[in-house]
Amino acid sequence: MTTPAHPPVKALSGPQKALHKLGLVRDIDLALHLPLRYEDETRIVRLLDARDGEVVQIEGQITHSEITLRPRRQLRVTLDDGSDTCVLRFLNFYPSHQKTLGVGARLRVRGELRGGSYAGSFGREMVHPSFKLAGGELPDALTPVYSTVAGLPQAYLRRAVLGGLARADLGDTIPAPFTSPCRTQPLWNLADALQFLHHPRPDVALATLEDRSHPAWQRLKAEELLAQQLSQLQARRGRAAMRAAVLSGPALHATQACLQQQLLACLPFRLTAAQQRVCTEIEADLTKPIPMHRLLQGDVGAGKTVVAALAAARCIDAGWQCALMAPTEILAEQHFRKLVGWLEPLGITTAWLTGSQKARERREMLALIESGAAGLIVGTHAVIQDKVKFKHLALAIIDEQHRFGVAQRLALRSKMGHDEQEPHLLMMTATPIPRTLAMSYYADLDVSTLDELPPGRTPIVTKVVSEARRDEVTARIRGQLAEGRQIYWVCPLIEESESIDLVNATQTHQALSAALPGVTVGLLHSRMPPAEKKAVMSLFTSGQMGVLVSTTVIEVGVDVPNASLMVIEHAERFGLSQLHQLRGRVGRGAAASACVLLYSTGDAPRLGEMAKARLKAMLETNDGFEIARRDLEIRGPGEFLGARQSGAPLLRFADLATDTALLVWARELAPLLLDQYPELAQRHVLRWLGGKAEYLKA
Ligand code: ADP
Ligand code: MG
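Residues numbered from 1 in each chain as written. Chains lettered and ligands numbered in written order. Predicted model: local features only at pLDDT ≥ 70, side-chain atom pairs only at ≥ 80, totals over all residues. Heavy atoms only, no water.

Some words on the overall build of the chain
Operational definition: Each helix is a run of DSSP H or I of at least 4 residues and each strand a run of E of at least 2, with the numbering of both proceeding from the N terminus. The rule is simple: take the accessible area with a 1.4 Å probe, protein chains only, and divide by the maximum for that residue type; under 20% is buried, over 50% is exposed, in between is partly exposed. Residue contacts are defined here by distance: any two heavy atoms, one from each residue, within 4.5 Å place the two residues in contact. All accessible areas in this document rest on Shrake-Rupley with a 1.4 Å probe, and a residue is counted as covered only by the protein chains that are shown.
A tally of regular secondary structure across the chain gives 23 helices and 22 strands. In the chain, which comprises 698 residues, the proportion classed as buried is 52%. Long-range pairs, those at least 24 residues apart, make up 76% of the contacts in the chain between residues at least 6 apart in sequence. Surface exposure of the chain reaches about 31500 Å², of which carbon and sulfur atoms provide 53%.

Structure representation (structure tokens):
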């Protein structure tokens, strides 16, 4: 990975270090560090004309100055501007302040004017105003206020930004014919837009700066979106170019033995048409010497695992290793068992890696991986640790990819062991990506979609039930148990307070155990040691346990087809995609399945709007794509992207919800620019992303 280009640094001063911490390294970084808000120092106001609560700049003479001790030690000075007087109060001050603020001094002061209600103070006052000597020129633009960090004073940052703005190359990289994304008016040029945003004229409508609808903002958002589209397109074309290179991605051709065919023959079911199509798409990628970069999206229960297994079989068949990484130990374990069941009969050795495993077992596994004896490696994050050395990794599969950060995905990919080569990458997710997001953040991915569930599934019936009717739910559980079915009961996880969760899950566990004599009711939560979790899970999987009470540790991917009822307690606290994921734990077999969303309003009279919208969506649709769309609507893209924030340059300026027109423009312009103006395109990407472009490939 490249780092932003900057000269070797000797000793950096405190503020310089702080600038680096903010990522403000190059002149252009400084120029693109836009103000959070502005202060109006262009005018002096007469005290008589100023309203209480207004932030104003006044100028006058100090007529009184004293240190008082009540109600606490403070410096109080009275300023007279000829129209009225005002008290300035300083709770923290140095002896030098006292001198500057001595009687007779003429000052220019800026702060919030308040009616003096504070004990011992009458008339109007300002607390901790900023001040300097009176006179001096008035600026003709608003004063920018930048986001900063400790150790980086605003004044220093302002000077740095001003310097950066003056030195940076702001030459236009968008050729004139393309500067009208919104038909109405052409974009401003970059230099003007930046100049304006850092130092707007005082008569600007501040609302247009705040909601970023001002033409200067439009230019910056357009630039940013274009940079994103360009870098993703470049990454995509970069991989395509590898096709020509001798060493690139491993081409995985089928052999005589054809493990894939053997596996297909052993499966207890036939692939759905969607699975067949997706497998063909993946296979076409695998046989090319260009590293695959594919996202497999399919609703919960759509059958992604077998697709992964078939890809793994092809890889191992061709003589290479395949690694599968899952976000939780339970899920990894389940994949491991399932894949071993499918692949070991074909003579494939599978290794298993997790953080909790015993040192001895781990050593054995590492040896299997390093020698190449293990064809398939399944595990959690443990798979990407430094100690793990693959003999010849050709395919990396990441399940529930949205649960991993960018850095982790890059780490798995770098495990191939040859600088010139990259393994094929298959990412899987049950959280489909809405179109606008797919266009912007995942423009560099090939996407395969399982849009069909395996046959014989009866749709899950969803019910929203008040907490007050808990007894009816218990009765329903009895009914299901009598039919030999199994039940999940999920309690929420509140991040701040794991202990409360525990109480919640434990109490529910006790209550259900008491209400269901003779039934094995299990408890699973995140604080349990892995071995205990495993034991509970295997009792449930084997059907010996009727009811499993759990915190959200079962959230992703668990597959127990005999489970037919999912009860979610405090459903109002869960996110929409999480609810959908949980619901997807049932309805995996032929039996009619149901999901009961128990809600409680607590002390509030009604449910909050967002919670209501989520439950409503759950009632109205079973379709993961529709759920994802509504989720985006409810939450907005920033949160929706979740884990991706760990590395991907999220959009700083543009907003996918409101800037769709600019996004479409950028998407169409990117290939044109790359083809017809490659140098401009390059300058544009460097300007905006510097060394960060690498992250976009993840
Ligand atoms: P997900 O896409 O959520 O990861 P899984 O891969 O866990 O789904 O598959 C869900 C269940 O469906 C599993 O029990 C799996 O064996 C089964 N399954 C997968 N494909 C088919 C199919 N074509 N026909 C019948 N059952 C299938
Ligand atoms: Mg899965």
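Examining the pairing of strand β2 (residues 55–68)
Put simply, the test is: Two strands qualify as a pair provided that DSSP identifies no fewer than 2 bridges between them.
Pairing of β2 with strand β5 (residues 106–112), which is carried by 7 bridges, proceeds in the antiparallel orientation. Across the sheet, E59 pairs through a bridge with R108, a residue of β5. When β2 meets strand β3 (residues 74–80), the two strands line up antiparallel, connected through 7 bridges. Of the residues in β3, the one forming a bridge with I67 is L75. The hairpin turn running from β2 into β3, its antiparallel successor, is 5 residues long.

Describing the site of ligand 1
Just so we agree on the cut-off: One heavy atom suffices: a residue is near a molecule or strand as soon as one of its heavy atoms comes within 4 Å of it. Here a polar contact is taken to be a pair of N or O atoms separated by no more than 3.5 Å, where protein atoms must pair a possible hydrogen donor with a possible acceptor and residues adjacent in sequence count only if both atoms sit in side chains. Side-chain classes follow a simple rule in which Ala, Val, Leu, Ile, Met, Phe, Trp, Tyr, Cys and Pro form the nonpolar group, Asp, Glu, Lys and Arg form the charged group, and the remainder, Gly included, forms the polar group.
The local shell around ligand 1 holds 17 residues, among which G301, K304, T305, R457 and D559 are the closest. Here an oxygen atom of ligand 1 sits 3.4 Å away from a polar atom, N or O, in the main chain of A302. Here an oxygen atom of ligand 1 and a side-chain polar atom of K338 are 3.3 Å apart. Computed on the free molecule, ligand 1 has an accessible area of 570 Å², of which 89% lies beneath the protein chains in the complex. Residue classes in the shell around ligand 1 are distributed as 5 nonpolar, 5 polar and 7 charged.

Section: the sheet that holds β2
If you trace the 7 strands from one edge of the open sheet to the other, you get β6-β7-β4-β3-β2-β5-β8, paired in mixed fashion. Strands at the two margins of the open sheet, each flanked by one partner only, are β6 (114–115) and β8 (130–133).

Considerations on helix α10 (residues 304–317)
Stated precisely, the cut-off is as follows: A helix's residues, less one, multiplied by 1.5 Å, set its expected span.
In a regular helix each residue adds 1.5 Å, so 14 residues correspond to 20 Å; α10 covers 20 Å between its end C-alpha atoms and thus fits that length. Counted residue by residue, α10 has 13 buried out of 14 residues, so it is predominantly covered.

Thoughts on the nonpolar core
This is how the line gets drawn: We call a set of buried Ala, Val, Leu, Ile, Met, Phe, Trp, Tyr and Cys residues a nonpolar core when their side-chain atoms join them within 4.5 Å.
Judged by nonpolar contacts, the single largest core of 68 residues is most densely connected at L263, L343, L353 and L395. Residue contributions to this core peak at 10 residues, all from α10. Residues contacting L263, with those up to four places away along its chain left out, are A309, L310, A313, W342, L343 and L346.

What to know about the sheet that holds strand β22 (residues 594–599)
This is how it is decided: Axis definition: a line fitted to C-alpha atoms, over the contacting stretch in the case of helices. Angles run 0 to 180 degrees between N-to-C directions.
Reading across the sheet, the 6 strands line up as β17-β22-β21-β18-β20-β19 and stay open at both edges, with parallel pairing between neighbours. Edge positions in the open sheet fall to β17 (461–466) and β19 (521–524), since each of these has one partner strand only. Taking each pair of neighbouring strands and ignoring which way they run, the sheet shows an average axis angle of 20°. Direction of pairing for strand β18 (residues 486–490) relative to strand β20 (residues 547–550): parallel, over a ladder of 4 bridges. Its bridge partner being in β20, I487 is matched across the sheet by V547. Running over the sheet, helix α19 (residues 609–620) touches β17 and β22 and is turned about 145° from β17.

Quick look at the environment of A511
Assignment of secondary structure puts A511 in helix α16 (residues 498–515). Between the C-alpha atoms of A511 and T474, which are 37 residues apart in sequence, the distance is 9.9 Å.

Comments concerning the side chain of T328
For T328, the position within the fold is in the loop between β11 (321–325) and α11 (329–343). On the basis of relative accessible area, T328 is assigned to the buried category, the value being 18%. There is a polar contact of 3.2 Å between the side chain of T328 and the backbone nitrogen of L331.

Points about the packing of aromatic side chains
We count it as follows: Note on aromatic pairs: the rings of Phe, Tyr and Trp (six-membered ring only in Trp) are paired at centre separations within 6.5 Å, and the planes decide the class, stacked below 30 degrees, edge-to-face beyond 60, tilted for the rest. Any Lys NZ or Arg CZ that is within 6 Å of a ring centre and within 35 degrees of that ring's normal is treated as a charge sitting over the ring.
If you walk through the whole model with that rule in mind, you get 7 aromatic pairs. When the ring of W217 is compared with that of F653, the centres are 5.5 Å apart and the planes differ by 65°; the resulting orientation is edge-to-face. On the criterion of sequence distance, the pair formed by W217 in helix α7 (residues 215–242) and F653 in the loop between α21 (637–641) and α22 (660–676) is long-range, its members being 436 residues apart. The class of F653 is buried, set by a relative accessible area of 7%. Sitting over the face of the ring of W217, R212 holds its NZ or CZ atom 4.4 Å from the ring centroid.

With respect to the confidence of the model for the chain
Regions with low pLDDT should not have their predicted coordinates read in detail. Our working rule: Confidence scores per residue from the predictor, reported as pLDDT, run from 0 to 100.
Here the chain averages 84 in pLDDT, while 87% of its residues score no lower than 70. Overall, residues 642–649 carries pLDDT values under 50, and its contacts beyond four positions in sequence, including any with other chains, amount to 20 contacts. Segment residues 693–698: pLDDT under 50, and 20 contacts once partners within four positions in sequence are set aside and those in other chains are kept.

Here's the deal with the environment of K387
Relative to the elements of secondary structure, K387 occurs in the loop between β13 (376–379) and β14 (393–398). K387 gets classed as exposed once you look at its relative accessible area, which sits at 64%. Expressed as a C-alpha distance, the spacing of K387 and E370, which sit 17 residues apart in the sequence, is 9.9 Å.

Quick look at the pattern of salt bridges
Stated formally: Note on definitions: salt bridges are taken to be side-chain nitrogens of Lys or Arg within 4 Å of carboxyl oxygens of Asp or Glu.
Counting across every chain of the model gives 30 salt bridges. Residue R219 is joined to D172 by a salt bridge in which the shortest nitrogen-to-oxygen separation is 2.4 Å. One end of the pair, R219, is in helix α7; the other, D172, is in the loop between α4 (154–167) and α5 (190–198), with 47 residues separating them in the sequence. The salt bridge involving R470 is made with E467; its shortest N-O contact spans 3.2 Å. The class for R470 is partly exposed, based on a relative accessible area of 21%. Taken together, the shared-partner salt bridges connect K616, E620, E626 and R630 into one network.

Topic: the state of the cysteines
Rule in force here: Pairs of cysteine sulfur atoms within 2.5 Å are what we label disulfides.
In this structure the tally under the stated criterion is 0 disulfides. Summary of cysteine pairing: C322 is not part of a disulfide, and the nearest cysteine sulfur, belonging to C315, is at 5.1 Å. Given the relative accessible area of 0%, C322 is considered buried.

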